[in-house]
Amino acid sequence: MLNRRIISVAKQTSRVVFTAQPSVRFASTNATAKAAEAVVGASGARSPGLIDKFVQFYLNRMKYRRYGLFLDDLLNESEPIVAEAIRRLPHELQEARQARVSRAIDCTHHNSYLPEDMWTKPHEDKPYLRPIMDEVLAEFKEKDEWK
């Protein structure tokens, strides 16, 4: 299943300290946003801008962009929905995804990051697999209803 351990929050004196715990298997911006809402709601602040800042802080803290990866590249390929979505991707996107993952594995093997000019920029990190996953999930649910 998906790794649901996103953040741990420690209250010290009168402030809230965020400690991000990056996951190699999966990271969800939706789960991060929900966790941020819970934390911000507990502290009394209700600013949506603060939630966006926390999500960006968490994504930057994960360091997957330093390997040239997109967030959707972190999804677990052994999950049936993800595997089917990858299969439905155009061939060029499949090859680009595999190249990014291979390059990241090579970097981790050498215990280094890519040069800074090759890092994924935040504006480039758009979900390319999630819209297809939503379609696959809807199809799987429909199949289950017919059984």
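The coordinates are above.
These figures come from a predicted structure and were not determined experimentally.

## Topic: the overall build of the chain
Move 1: Helices and strands together make up the secondary structure of the chain, namely 5 helices and 2 strands.
Move 2: Per-residue burial over the chain gives 34% buried out of 147 residues.
Move 3: For the chain, contacts bridging at least 24 residues in sequence account for 68% of all contacts bridging at least 6.
Move 4: By element, 55% of the accessible surface of the chain is carried by carbon and sulfur atoms, the whole surface being about 9,700 Å².

## A few points about the packing of aromatic side chains
Move 1: Throughout the structure, instances matching the rule amount to 3 aromatic pairs.
Move 2: Above the face of the Tyr113 ring, Arg66 is positioned so that its terminal group lies 5.3 Å from the ring centre.

## Let's talk about the environment of Tyr113
Move 1: The residue Tyr113 is located in the loop between helix H4 (91-109) and helix H5 (130-146) in this model.
Move 2: We classify Tyr113 as partly exposed; its relative accessible area is 36%.
Move 3: Distance in space between the C-alpha atoms of Tyr113 and Tyr67 is 5.7 Å, their sequence separation being 46 residues.
Move 4: Residues in contact with Tyr113, not counting those within four places in the same chain, are Lys63, Arg66, Tyr67, Cys107 and Trp119.

## A closer look at the nonpolar core
Move 1: Judged by nonpolar contacts, the single largest core of 14 residues is most densely connected at Leu59, Met62, Tyr64, Tyr67, Leu69, Leu71 and Leu74.
Move 2: Listed by contribution, the elements that provide at least two residues to this core are helix H2 (48-62) and H4.
Move 3: When residues of this core are assigned to their parent elements, the largest contribution, 5 residues, is made by H2.
Move 4: Counting residues in hydrophobic clusters, the runner-up holds 11 residues, among them Leu75, Tyr128, Ile132 and Met133.

## Here we look at the side chain of Thr120
Move 1: Note on placement: Thr120 falls in the loop between H4 and H5.
Move 2: Assessed through its relative accessible area of 7%, Thr120 is described here as buried.
Move 3: A distance of 3.1 Å separates a polar side-chain atom of Thr120 from the backbone oxygen of Leu69.
Move 4: Other than its neighbours up to four places away in sequence, Thr120 contacts Arg65, Gly68, Leu69, Phe70 and Asp125.

## Focus on the side chain of Arg97
Move 1: With respect to the helices and strands, the residue Arg97 is situated in helix H4.
Move 2: For Arg97, a relative accessible area of 2% translates into the label buried.
Move 3: With residues near it in sequence (within four places) discarded, Arg97 still touches Asp72, Asp73, Leu75, Glu77, Ile86, Tyr128 and Leu129.

## Re the pattern of salt bridges
Move 1: All told, the structure shown has 8 salt bridges when counted by the stated rule.
Move 2: Its salt-bridge partner being Arg130, residue Asp72 comes within 3.0 Å of it at the nearest N-O pair. Highlighted residues: Asp72 in the loop between H2 and helix H3 (80-88) and Arg130 in helix H5, separated in sequence by 58 residues.
Move 3: Looking at Arg130, the relative accessible area reads 18%, which means it is buried.
Move 4: The salt bridge involving Glu84 is made with Arg88; its shortest N-O contact spans 2.9 Å. In this pair, Glu84 and Arg88 are both assigned in helix H3, 4 residues apart and thus about one turn of the helix distant.
Move 5: Assessed through its relative accessible area of 31%, Arg88 is described here as partly exposed.
Move 6: The structure contains a network of salt bridges with shared partners spanning Asp73, Glu77, Arg97 and Arg100.

What counts and what doesn't
Residues numbered from 1 in each chain as written. Predicted model: local features only at pLDDT ≥ 70, side-chain atom pairs only at ≥ 80, totals over all residues. Heavy atoms only, no water. Helix = DSSP H or I, 4+ residues; strand = E, 2+ residues; numbered from the N terminus. Buried < 20%, exposed > 50% of the residue type's maximum accessible area, 1.4 Å probe, protein only. Contact = heavy atoms within 4.5 Å. Areas by Shrake-Rupley, 256 points an atom, 1.4 Å probe, with all protein chains shown as cover. Phe/Tyr/Trp six-rings, centres within 6.5 Å; stacked < 30°, edge-to-face > 60°. Lys NZ or Arg CZ within 6 Å of the ring centre and 35° of its normal. Core = buried A, V, L, I, M, F, W, Y, C linked by side-chain atoms within 4.5 Å. Polar contact = N/O pair within 3.5 Å; in protein donor to acceptor, adjacent residues only side chain to side chain. Salt bridge = Lys/Arg side-chain N within 4 Å of Asp/Glu carboxyl O.

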